[in-house]
Amino acid sequence: MALFWVLAVPALAGGVLVFRCGSMARATFALLSSLICVGGEVVLLGLPYLGVVIILMMVMEMVVMAVFMIAYMMNPAGLTPMSMVHNKRGSAVISVAVFVALAAGIFLVPWPRRAGSPPPDTTFQVGESLMGGQMLTMITLGFVLLATMVGATVLATRRGRYDRFGDDLDRRPAHDPAGGGVGR
C-alpha cells in the first residue's frame, strides 16, 4: 500500500507539471515521469507484463518526441516559454467537472464481487483478452511490418554500405559519393 502512494503522488505531480511547465521539452519529461509511475502502478495491480510495456512504450515515445522537438522546433530546443493550456477558464471548468463525475462514479457504481481466484498467469490472461485467437496473426503482422520498414529504408537510399570503396572495394581512402568525408 505504501508503494502505491509512493508512485501515485509523483504520477499526479508529473501530470500537473505538464500544464505548469513553461516549455514543450520540460512538459514532455514531466509527462514521461508521470507515465513511468502509472506503469509502476499497473505492475502493482498484478499485471507486470502490461506495466513494463507501458513504461517501455512511454519512454521511447517521449524520448522520440523530445528529440524531434529539439531538432525541428523553431524555438531553441523547445525551451522557449509557452502556455500548454488554451482557453484556461473553460478547460479548468471541464477538467473539474470530469474529475467530479469520475470520482462520483467510483462511489456510486455497484462494483462486482470477485468470483473465484485470480488466474496463475496474468500475462497469458491479458494476451488472451486482447488478442483472442489472433495472436499468431499479430506476431506475423509484427514481423511483416518490421521487414517493410527495413525494406523501405534500404530502397530509399541511393547507395549501399560499400559504395564509397568502389566497385572492387579497393578505393583507399574511401570516397563518399554524397560529397562528404575522407577522400574528397
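As the structure is a computational prediction, the values presented were derived from the model and not from experiment.

What counts, and at which threshold
- Residues numbered from 1 in each chain as written.
- Predicted model: local features only at pLDDT ≥ 70, side-chain atom pairs only at ≥ 80, totals over all residues.
- Heavy atoms only, no water.
- Helix = DSSP H or I, 4+ residues; strand = E, 2+ residues; numbered from the N terminus.
- Buried < 20%, exposed > 50% of the residue type's maximum accessible area, 1.4 Å probe, protein only.
- Contact = heavy atoms within 4.5 Å.
- Areas by Shrake-Rupley, 256 points an atom, 1.4 Å probe, with all protein chains shown as cover.
- Axes fitted to C-alpha atoms, helices over the stretch in contact; angles between N-to-C directions.
- Parallel < 35°, antiparallel > 145°, perpendicular 65-115°, else oblique.
- Left-handed = near helix turned anticlockwise from the far one by under 90°.
- Nonpolar A, V, L, I, M, F, W, Y, C, P; charged D, E, K, R; others polar.
- Phe/Tyr/Trp six-rings, centres within 6.5 Å; stacked < 30°, edge-to-face > 60°.
- Patch = residues over 30% accessible without salt bridge, like charges linked within 9 Å, V, L, I, M, F, W, Y side chains within 5 Å.
- Salt bridge = Lys/Arg side-chain N within 4 Å of Asp/Glu carboxyl O.

Asks: So what about the overall build of the protein? Which residues, and what values?
Replies: Helices and strands together make up the secondary structure of the protein, namely six helices and zero strands. In the protein, the succession of helices and strands from N to C terminus is α-α-α-α-α-α. Going through the 184 residues of the protein one by one, you find that 17% of them count as buried. Taking the contacts inside the protein whose residues are at least 6 apart along the sequence as the reference set, 49% of them involve residues at least 24 apart. Split by element, the accessible area of the protein, about 14,200 Å² in all, is 72% carbon and sulfur.

Asks: Run through the packing of helix 1 (residues 2–20) against helix 2 (residues 24–44), naming residues and quoting values.
Replies: Close contact between helix 1 and helix 2 brings their axes to 8 Å; oriented N to C, the two are set at 155°. Accordingly, the angle class assigned to the pair helix 1 and helix 2 is roughly antiparallel. Every pair of crossing elements has a handedness; the one defined by helix 1 and helix 2 is left-handed. Listed contacts from helix 2 to Leu3, Phe4, Leu7, Ala8, Pro10, Ala11, Gly14, Gly15, Leu17 and Val18 of helix 1 are Ala27, Ala30, Leu31, Ser33, Ser34, Cys37, Val38, Gly40, Glu41 and Leu44. Looking at the contact of helix 1 with helix 2, its residues break down into 14 nonpolar, five polar and one charged.

Asks: I'd like a rundown of the packing of aromatic side chains, residues and numbers included.
Replies: Counted under the stated rule, the structure contains one aromatic pair. Relative to Trp5, the ring of Phe4 lies with its centre 5.1 Å away and its plane at 85°, an arrangement referred to as edge-to-face. Judged by its relative accessible area of 35%, Phe4 is partly exposed.

Asks: Got a sec to walk through the packing of helix 2 against helix 3 (residues 48–72)? Specific residues and values, please.
Replies: Look at helix 2 against helix 3: their axes get within 8 Å of each other, and the N-to-C directions meet at 175°. When the axis of helix 2 is compared with that of helix 3, the two are roughly antiparallel. Contact with helix 2, carried on its side by Met24, Ala25, Thr28, Phe29, Leu31, Leu32, Leu35, Ile36, Gly39, Gly40, Val42 and Val43, involves Pro48, Leu50, Gly51, Val52, Ile54, Ile55, Met58, Val59, Met62, Met65, Ala66 and Met69 of helix 3 and no other residues of that element. Taken together, the residues that form the contact of helix 2 with helix 3 break down as 20 nonpolar, four polar and no charged.

Asks: How would you sum up the side chain of Thr28? Please name residues and give values.
Replies: Among the secondary structure elements, Thr28 is positioned in helix 2. Taking relative accessible area as the criterion, Thr28 reaches 2% and is therefore assigned buried. Beyond its immediate sequence surroundings of up to four residues, Thr28 is in contact with Met62, Met65, Ala66 and Met69.

Asks: Residue-level account of a nonpolar patch on the surface, with values.
Replies: Taken together, the side chains of Met135, Met138, Ile139, Leu141, Phe143, Leu145, Leu146, Met149, Val150 and Val154 define a hydrophobic patch exposed on the protein surface, amounting to about 950 Å² of accessible area. For Val150, the location among the structural elements is in helix 6 (residues 135–156).

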